[in-house]
Amino acid sequence: MKKEKKQSSLSQLLYYAGNHKYLMYASWILATISAFIALMPFYYIWLIIKEIVEVRPDFNNAVNIQTNGWYAVITSFLAYIIYIAGLMCSHKAAFRVQSNMRMEMMNHVMKLPMGYIESQGSGKILKIVSKSSAATETYIAHNLPDKAVSYATPIGLIAMMLFFDWRIGLICLIPALLAFLSMGSMMGKAMQDSMKEYQDSLETMSAEAVEYVRGIPVLKTFGQTIYSFKRFKTAIDKYEKWTIAYTISMTMPMVLFTTFSNGIFAAIVICAYVFGGNGVTDMLVFNILFYVIITPILTMTLMKVAYAGESQMIVMDALNRMHELLDVKPLSESDKPQEPADSSICMDNVSFKYPDATENAISNMSMIIKPGQHVAFVGPSGGGKTTIASLIARFWDVIEGSISIGGVNVKDISTKELMKHVSYVFQDSKLLKMSILDNVRLGKKDATEAEVMQALRDAQCMDIIEKFPDGIHTIIGTEGVFVSGGEAQRLSIARAFLKNAPILILDEATAFADPDNEQKVQQAFAKLSKDKTVIMIAHRLSTVVDVDCIYVLNNGQIQESGTHKELLAVGGIYSHMWNEYNKTIKWKVGKAS
Ligand code: ADP
């Protein structure tokens, strides 16, 4: 949906409603009819009062009271029923819009680069998808019919006010008009920008709050205060500043609006005084009474219009957020996808920069990995190991140069085919809230239970399965079910066993809770790597000694490459790293003995 970016929020919502847009129209028509009918009981009540005053003190002559009373009840009831019918239509349309928006956003997210999703965090994307669609649901289901009511009611009221006594009507309309004008200053473009700022600062503050809560253990351990989380404090300060400035800027318009909208009563008093000066007639009393009855509705309606404006700004902001997500470019799919001939990897002069970064994360990198070769990426943190590995799996597209698998540029391999060729075992393994069986089955959806068991055995997971009474049917994430980082990584290795892709990218965990776990993960890795092209992002040098080629990455470039022995002979960065590594090992051993 490209064209609607400049369209109003309403036409965008109508677009998402599809055929259900007629239900939206129906809801507005029904709400309008209901608003007009809802004014009729006031007329009947006025007739009742009029009759009582006219027949006083002989109340037995008041014969129409009951009938008018019934009319008042029936018309109120009718207005209510019609309004409910309108709400039913609006809800049906709202649910359709919500589901269409969610589907469009999720379909789009599925095509986005994995790297984008990883860098944004699934929580943030989910928030945009669910919150923006939920905001439109409330708007269509409730606010739009209410808006129809809040436009129809003043029209009906003004007509009635002018019909009963146009002089009193006109005088009462003056404060109503002033209230309406002061309300205008609380809306408009400037207000819309403010609303965006508000939503932005709220979002930043919640994101920082999550970071803060996550960091509480560190804060406690080192006896720090909230001021250590400078960004969180800045976010709170910014929010506070915005809220105070907003409240101050709204004071005057709000005071004027409340004064004028409630000032309609004062207008009635003035009318009573001015028009009663020449003698109070029964008719004047009835009319004044009528205005006393109906003017609170006018005040209430004006309030509703004010709130309708606010909800419109919320929905506009929600739609803008949705467009920000929809504007992220998906990865291109080739018209003529090709299949890789083998599991070799060739990088030719690759450069890459993260979307918001100023400097390249990878610069002019070239390498050839033959089928079945095992290579390791080592080097200082931030050197580009994870980035280059994620470019091979096409989590991002390179900005210069090319990456080929089996002789075919990854851009010319369909996503499905590429995923068949590459398994990526992440450092922080992602397990979903489903049974262990289903979690592992994500590697191959038609795998039998026996195949899953074999994969679990190969990935050294049997101790995890035996720990839980429900075995492989244990649901991850339910109460009492806890798997450590190392266990989660072994379960995801089981997934990779099932998938059995010819290229394997292993992001070794930086730290393991216990040596037993580490040993099991290493065994599982070794078995999984057999007969595959393997790229290991290594954080400890003990694991890279036997690989076919070690690439030392620094500042997004290959600084050295070769086998362990060759690199030691060179006496460069790697040999320095190796010496440092051995010192720490000796230090650890020395400490332990
Ligand atoms: P390594 O895996 O060697 O620790 P990375 O590949 O993670 O290094 O990082 C390489 C460079 O790219 C670093 O300068 C890092 O700050 C930057 N970087 C990594 N991820 C992102 C991201 N999502 N957005 C922006 N910059 C990033």
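Rules behind the numbers
- Residues numbered from 1 in each chain as written.
- Predicted model: local features only at pLDDT ≥ 70, side-chain atom pairs only at ≥ 80, totals over all residues.
- Heavy atoms only, no water.
- Helix = DSSP H or I, 4+ residues; strand = E, 2+ residues; numbered from the N terminus.
- Rg over C-alpha atoms; globule rule 2.2 N^0.38 Å.
- Buried < 20%, exposed > 50% of the residue type's maximum accessible area, 1.4 Å probe, protein only.
- Contact = heavy atoms within 4.5 Å.
- Near = heavy atom within 4 Å.
- Polar contact = N/O pair within 3.5 Å; in protein donor to acceptor, adjacent residues only side chain to side chain.
- Areas by Shrake-Rupley, 256 points an atom, 1.4 Å probe, with all protein chains shown as cover.
- Expected span 1.5 Å × (residues − 1).
- Bend = angle between axes of the 7 residues up to and from the residue.
- pLDDT = per-residue confidence, 0-100.
- Domains from an automatic or database assignment.
- Buried area = accessible area lost by both parts, 1.4 Å probe.
- Salt bridge = Lys/Arg side-chain N within 4 Å of Asp/Glu carboxyl O.
- Core = buried A, V, L, I, M, F, W, Y, C linked by side-chain atoms within 4.5 Å.
- Pairing = 2+ DSSP bridges.
- Axes fitted to C-alpha atoms, helices over the stretch in contact; angles between N-to-C directions.

## Considerations on the overall build of the protein
And then number 1: Within the protein one finds 19 helices and ten strands.
And then number 2: Here the protein has a C-alpha radius of gyration of 35 Å; the compact-globule value for 593 residues is 25 Å, and the former is much larger.
And then number 3: C-alpha atoms of the protein, sized along the principal axes, occupy 115 × 50 × 50 Å.
And then number 4: Counting every position in the protein, which comprises 593 residues, the buried fraction comes to 45%.
And then number 5: Long-range contacts, defined as pairs at least 24 residues apart, comprise 76% of the intrachain contacts of the protein with a sequence gap of at least 6.

## A few points about the site of the ligand
And then number 1: The immediate surroundings of the ligand are formed by Ser119, Tyr354, Ala361, Pro380, Ser381, Gly382, Gly383, Gly384, Lys385, Thr386 and Thr387.
And then number 2: Within the backbone of glycine 382, a nitrogen or oxygen atom sits 2.7 Å from an oxygen atom of the ligand.
And then number 3: Backbone polar atom of glycine 383 to an oxygen atom of the ligand: 3.1 Å apart, as the coordinates give it.
And then number 4: Surface burial for the ligand is 60%, taken as the share of its 560 Å² of free accessible area covered by protein chains.

## Focus on helix H6 (residues 166–184)
And then number 1: An ideal rise of 1.5 Å per residue puts 27 Å on 19 residues; H6 measures up with 26 Å between its terminal C-alpha atoms.
And then number 2: Approximately 25° is the largest bend angle found in H6, and it occurs at isoleucine 174, with the proline proline 175 only one to four residues beyond.

## Things to note about unusual backbone geometry
And then number 1: Even without being glycine, asparagine 364 reaches a positive phi, approximately 45°.
And then number 2: You can see asparagine 364 is positioned in strand E2 (residues 362–369).
And then number 3: Under the relative-accessibility criterion, asparagine 364 is labelled partly exposed at 46%.
And then number 4: For arginine 394, which is not a glycine, the phi torsion comes out positive at approximately 55°.
And then number 5: The residue arginine 394 is located in the loop between helix H11 (385–392) and strand E4 (400–405) in this model.

## Some remarks on the confidence of the model for the protein
And then number 1: Here the protein shows a mean pLDDT of 84. Residues at 70 or above account for 93%.
And then number 2: The spread of mean pLDDT over the elements of the protein runs between helix H7 (residues 188–221), the lowest at 73, and strand E1 (residues 345–352), the highest at 95.

## So, the domain arrangement of the protein
Size of an interface: often given as the accessible area lost when the parts come together.
And then number 1: As assigned here, the protein comprises domain 1 (9–326) and domain 2 (345–584).
And then number 2: Once you take the C-alpha centre of each, domain 1 and domain 2 turn out to be 54 Å apart.
And then number 3: On the domain 2 side, the residues contacting the six residues of domain 1 number four residues.
And then number 4: On the domain 1 side of the interface with domain 2, the three residues burying the most area are Met114, Gly115 and Glu118, jointly 72% of the side's total.
And then number 5: Summed over the shared surface of domain 1 and domain 2, the result is zero salt bridges.

## What to know about the nonpolar core
And then number 1: Of all hydrophobic cores here, the largest spans 67 residues; its most connected members are Met24, Leu325, Ile388, Leu391 and Ile405.
And then number 2: The leading source of residues in this core is helix H5 (residues 122–164), at ten residues.
And then number 3: When residues of this core are sorted by domain, at least three fall in each of domain 1 (9–326) and domain 2 (345–584).

## Section: the side chain of serine 402
And then number 1: With respect to the secondary-structure elements, serine 402 resides in strand E4.
And then number 2: Setting aside anything within four residues of it in sequence, one finds serine 402 in contact with Cys346, Met347, Asp348, Val350 and Asn409.

## With respect to the environment of leucine 39
And then number 1: With respect to the helices and strands, the residue leucine 39 is situated in helix H2 (residues 21–55).
And then number 2: Taking the C-alpha atoms as reference, leucine 39 lies 7.6 Å from leucine 157; in sequence the two are 118 residues apart.
And then number 3: Ignoring sequence-local partners within four residues, the contact set of leucine 39 consists of Thr153, Gly156, Leu157, Met160 and Ile297.

## Let's talk about the sheet that holds E1
And then number 1: Ordered in space as E2-E1-E4-E5, the four strands form an open sheet in which the pairing is antiparallel. Both outer strands of the open sheet, E2 and strand E5 (408–409), are each paired with one neighbouring strand and no more.
And then number 2: Direction of pairing for E4 relative to E5: antiparallel, over a ladder of two bridges. Of the residues in E5, the one forming a bridge with serine 404 is asparagine 409.
And then number 3: Docked against the sheet, H11 engages E1, E2 and E4, running at close to 120° with respect to E1.

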